[in-house]
Amino acid sequence: MSDSVAGHAERYLGRARPAVAGGRTLGVAIVLHDHATLSMVTALTDGMRTRSVASPLPLEFACSVRPGQEDEAARLVEMFADLTVRDGSEVEYDDGFLVEEPLVAETSIRGLLAAPHPYADEMFNLYRDAEGELRLQFVTLVPLTAAEGAYLRDHETGELFELWESAGTDLLDLHRSSAV
């Protein structure tokens, strides 16, 4: 990442370190960020913004989890980045996908939802250069259970976030139960 983009990510997500799992898919690296005050580790792509994705702004993808689950988060963002580049379609908030089998072994996680980061300051989601111009959007991938994905067929994303909040759902825990 450029120093200014890396500084932006560290400001909102914490100190950066290389990903243990993941690696490079289509020239995209994964960096891990350890949050300074929250029990949260974020896997963040580095290089998606140079790929030909049909979005209004260049994108990078993030997935935040509990410490100890960062290898799985790295695999999730790497997989989503790979699918996005292969598909070539635009990625926006509220996009996502569901699959039949768990995306993370021994969990109920069957999909990902593209959204603003649910725990980081909202300023994290958009990067502006020194002149204040929008240059990059960070899209957070929130893991979904099959029931939560099915819920989204008939409800707005905001309603699912309200359900998660009222249920006290820990969106950082890949081993969580479904809120639906």
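Above this text is the structure in question.
What counts, and where the lines are drawn
Residues numbered from 1 in each chain as written. Predicted model: local features only at pLDDT ≥ 70, side-chain atom pairs only at ≥ 80, totals over all residues. Heavy atoms only, no water. Axes fitted to C-alpha atoms, helices over the stretch in contact; angles between N-to-C directions. Helix = DSSP H or I, 4+ residues; strand = E, 2+ residues; numbered from the N terminus. Parallel < 35°, antiparallel > 145°, perpendicular 65-115°, else oblique. Left-handed = near helix turned anticlockwise from the far one by under 90°. Contact = heavy atoms within 4.5 Å. Buried < 20%, exposed > 50% of the residue type's maximum accessible area, 1.4 Å probe, protein only. Pairing = 2+ DSSP bridges. Arc of directions from axis to C-beta. Polar contact = N/O pair within 3.5 Å; in protein donor to acceptor, adjacent residues only side chain to side chain. Salt bridge = Lys/Arg side-chain N within 4 Å of Asp/Glu carboxyl O.

A. Seen up close, the packing of helix α3 (residues 146-154) against helix α4 (residues 157-167). At their nearest, the axes of α3 and α4 sit 8 Å apart, and the two run at 140° to each other. In terms of axis orientation, α3 runs oblique to α4. Both α3 and α4 take part in a crossing whose hand is right-handed. Residues E148, Y151 and L152 of α3 lie in contact with α4, whose contacting residues are T157, E159, L160, L163 and W164.

B. Spotlight on the pairing of strand β3 (residues 41-46). Among the six residues that make up β3, six are buried, leaving the element largely enclosed by the rest of the structure. On β3, burial covers both faces: V41, A43 and T45 on one face and T42, L44 and D46 on the other are all buried. Two strands pair when backbone bridges link them, and strand β2 (residues 29-34) and β3 are joined in this way by six bridges, in the antiparallel orientation. Within the sheet, the bridge partner assigned to A29 lies in β3 and is D46. Connecting β2 to the antiparallel partner β3 that follows it, the hairpin turn spans six residues.

C. Geometry of α4. For α4, every residue scored as buried is listed here: T157, L160 and W164. Along the axis of α4, the buried residues cluster in a sector spanning 60°; they form a single face. Within α4, the exposed residues directed more than 90 degrees away from the buried face are E162, E165 and S166. Buried residues along α4 sit against β6 (109-115), β8 (134-145) and α3.

D. Local environment of helix α1 (residues 3-13). Among the residues making up α1, those that are buried are V5, H8, A9, Y12 and L13. Take α1 and look down its axis: the buried residues cluster within an arc of 100°, on one side only. What points out from α1, more than 90 degrees from its buried face, is the exposed set D3 and R11. Structurally, α1 contributes buried residues whose contacts are with β2, β3, β7 (126-128) and β8.

E. Spatial organisation of the side chain of T42. The residue T42 is located in strand β3 in this model. Polar side-chain contacts of T42 include one of 2.5 Å to the side chain of S64.

F. Representation of the pattern of salt bridges. For the coordinates displayed, the defined rule picks out nine salt bridges. R17 is the salt-bridge partner of E70, the closest N and O atoms lying 3.2 Å from each other. Remark: R17 occurs in strand β1 (residues 15-18) and E70 occurs in helix α2 (residues 70-87); sequence separation between them is 53 residues. Taking relative accessible area as the criterion, R17 reaches 23% and is therefore assigned partly exposed. For R135, the salt bridge identified is with D129, shortest N-O distance 2.7 Å. The exposure class of D129 is buried, given its relative accessible area of 15%. Within this structure, R15, R17, D34 and E70 form a network of salt bridges that share partners.

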